[in-house]
Amino acid sequence: MFRIYDISMTIEPAMPVYKNKESKMPKITNVACHEGGEAVYQSRLDLDAHAGTHVDAPLHMLKDGDAIETIGLEPLVGMARVADLTHCAEAVTRDDLEPLGLQRNDWVLMKTRNSYADAFEPDFAYLREDGAQYLIELGVRGIGTDALGIERGQIGYPTHRALFRNNIVVVEGLRLRDVATGSYFMVVAPLKLAGVEAAPARGFLIGGI
């Protein structure tokens, strides 16, 4: 037997968005409804590429970086490790990651205090530059965070840029509150977009009951 854990955010007008910017909030507009005499019900979606759970592409931070369509499904499907980092008050550092016994080619999902916040918090826990460098040295395949950004307040965005330059996939906006530490089969499926720097995604984990 197995259990499926939905680790993606719900797309809705009042959802948390980065820095609570109104311009980033989704807009769902009804364009046809039964009450209006229409035979169908239809909606139009205006969505930021970084809304909710999403996959970042190198173009997001690198001038000549690859766009989202260069990230195939293969790097986003496979075994992943949920790491309990809820003790990290400010940032996830090399010292926090070293005791976890992470291995080369691991997919690492950081479960921090962010998973327990229902609204955007400006002081969210993030991956510090030295933590990112440690993961690069290990040779992990990807890193996921339960914050809407993998870093904050670092001049020049060194965490993002270092990860992208080393072909490490970045997923932001995960929901890990109900997921215990351990290994799971992971699927993250970004929208099939082209020419942009990110794409909203549906993500889930499969584990034993």
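Conventions we followed
Residue positions are counted from 1 within each chain, in the order its sequence is given. Per-residue local features are limited, in this predicted model, to residues with pLDDT of at least 70; the limit for side-chain atom pairs, both in listing and counting, is 80 or more; totals at the level of whole chains, interfaces and linings are taken over all residues. Side-chain calculation: all heavy atoms of the structure are included, whereas hydrogens and water are not. By definition, any uninterrupted DSSP run of H or I lasting at least four residues is a helix, any uninterrupted run of E lasting at least two residues is a strand, and each is numbered from the N terminus. Our radius of gyration is a C-alpha quantity, and the globule rule it is checked against amounts to 2.2 Å times the number of residues to the power 0.38. Burial here depends on accessible area, computed with a 1.4 Å probe over protein chains only, as a share of the maximum for the residue type. Under 20% is buried, over 50% is exposed, and the range in between is partly exposed. Whether two residues touch is decided by their heavy atoms; if any such pair falls within 4.5 Å, the residues are in contact. Methods summary: accessible areas were calculated by the Shrake-Rupley approach with a probe of 1.4 Å, and residue burial reflects only the protein chains presented. His is not counted here, nor are the chain ends, while Lys and Arg score as positive and Asp and Glu score as negative. By convention, the point assigned to a charge is CZ for Arg, NZ for Lys, CD for Glu and CG for Asp. Here a polar contact is recorded for every N or O atom pair within 3.5 Å, except that within protein the pair must consist of a potential hydrogen donor and a potential acceptor, and residues adjacent in sequence are included only if both atoms are side-chain atoms. To obtain an axis, a line is fitted to C-alpha atoms, over the contacting stretch when the element is a helix, and the angle between two such axes runs from 0 to 180 degrees between their N-to-C directions. Working rule for angles: under 35 degrees goes down as roughly parallel, over 145 as roughly antiparallel, 65 to 115 as roughly perpendicular, anything else as oblique. Three residue categories are used. Nonpolar comprises Ala, Val, Leu, Ile, Met, Phe, Trp, Tyr, Cys and Pro, charged comprises Asp, Glu, Lys and Arg, and polar comprises the others, including Gly. Pairing of aromatic side chains requires ring centres within 6.5 Å, counting the rings of Phe and Tyr and the six-membered ring of Trp. Pairs whose planes differ by under 30 degrees are stacked, by over 60 edge-to-face, and all others tilted. DSSP calls a pair of strands paired once it identifies at least 2 bridges connecting them.

**Considerations on the overall build of the chain**
The number of helices and strands found in the chain is three helices and twelve strands. For 209 residues, the compact-globule estimate of 2.2 N^0.38 gives 17 Å, and the C-alpha radius of gyration of the chain, at 18 Å, lies within 12% of that figure. For the chain, the spread of C-alpha atoms along the principal axes amounts to about 60 × 45 × 30 Å. Burial statistics for the chain: of 209 residues in total, 48% are counted as buried. Considering only intrachain contacts with a sequence separation of at least 6, the fraction spanning at least 24 residues in the chain is 72%. As displayed, the chain has an accessible area near 10,800 Å², and 51% of this comes from carbon and sulfur atoms. Charge-centre separation for the chain: the mean point of 21 positive side chains lies 1 Å from the mean point of 29 negative side chains.

**A few points about the side chain of N114**
One can find N114 in the loop between β7 (107–111) and β8 (126–127). Looking at N114, its side chain comes within polar contact range of the side chain of T112, at 2.8 Å. If sequence neighbours within four positions are ignored, N114 has contacts with F124, A125, D146 and A147.

**Section: the packing of helix α2 (residues 129–138) against helix α3 (residues 158–165)**
The geometry of a pair of packed helices is captured by two quantities: the angle between their axes and the separation between those axes. Packing of α2 against α3 leaves a shortest axis separation of 8 Å and a crossing angle of 10°. Of the possible angle classes, the one that applies to α2 and α3 is roughly parallel. Between α2 and α3, the residues in contact are E129, A132 and I136 and P158, T159, A162 and L163, respectively. Classifying every residue of the contact of α2 with α3 gives five nonpolar, one polar and one charged.

**Structural notes on the packing of aromatic side chains**
Here a ring pair, both rings aromatic, is described through the centre-centre distance and the interplanar angle of the planes. Taken as a whole, this structure holds four aromatic pairs when the rule is applied. Here the aromatic rings of Y5 and Y184 are separated by 5.5 Å at their centres, their planes lie at 80°, and the arrangement is edge-to-face. Separated by 179 residues along the polypeptide, Y5 in strand β1 (residues 2–6) and Y184 in strand β11 (residues 182–190) bring together distant segments of the chain. When its relative accessible area of 7% is taken as the criterion, Y184 is described as buried. Put simply, the rings of Y18, F120 and F124 touch in pairs and so form one group of aromatic residues.

**Side note on α3**
The buried fraction of α3 is high, at six of eight residues. Within the span of α3, buried status applies to P158, T159, H160, A162, L163 and F164. Contacts made by the buried residues of α3 are with β4 (54–56), β8, α2, β9 (142–145) and β10 (169–172). Just past α3, the residue N167 takes up positive phi, approximately 60°.

**Points about the environment of L102**
Topologically, L102 is positioned in the loop between α1 (94–97) and β7. As for L102 and R81, which are separated by 21 residues in sequence, their C-alpha atoms are 8.6 Å apart.

**Points about unusual backbone geometry**
Even without glycine at this site, Y157 takes up a positive phi of about 50°. Relative to the elements of secondary structure, Y157 occurs in the loop between β9 and α3. On the accessibility criterion, Y157 (42% relative accessible area) is partly exposed. Its identity is not glycine, yet N167 carries a phi of approximately 60°, on the positive side. Take N167: its relative accessible area is 68%, and that puts it in the exposed class.

**Section: the pairing of β7**
Here β7 lies mainly inside the structure; five of its five residues are buried. A two-sided burial pattern is seen for β7, the buried positions comprising W107, L109 and K111 on one face and V108 and M110 on the other. In terms of strand pairing, strand β5 (residues 77–84) meets β7 through four bridges, oriented parallel. Looking across to β7, one finds that A83 is bridged to M110. Alignment of β7 against β9, held across four bridges, turns out to be parallel. Counted as the bridge partner of W107 is G142 from β9.

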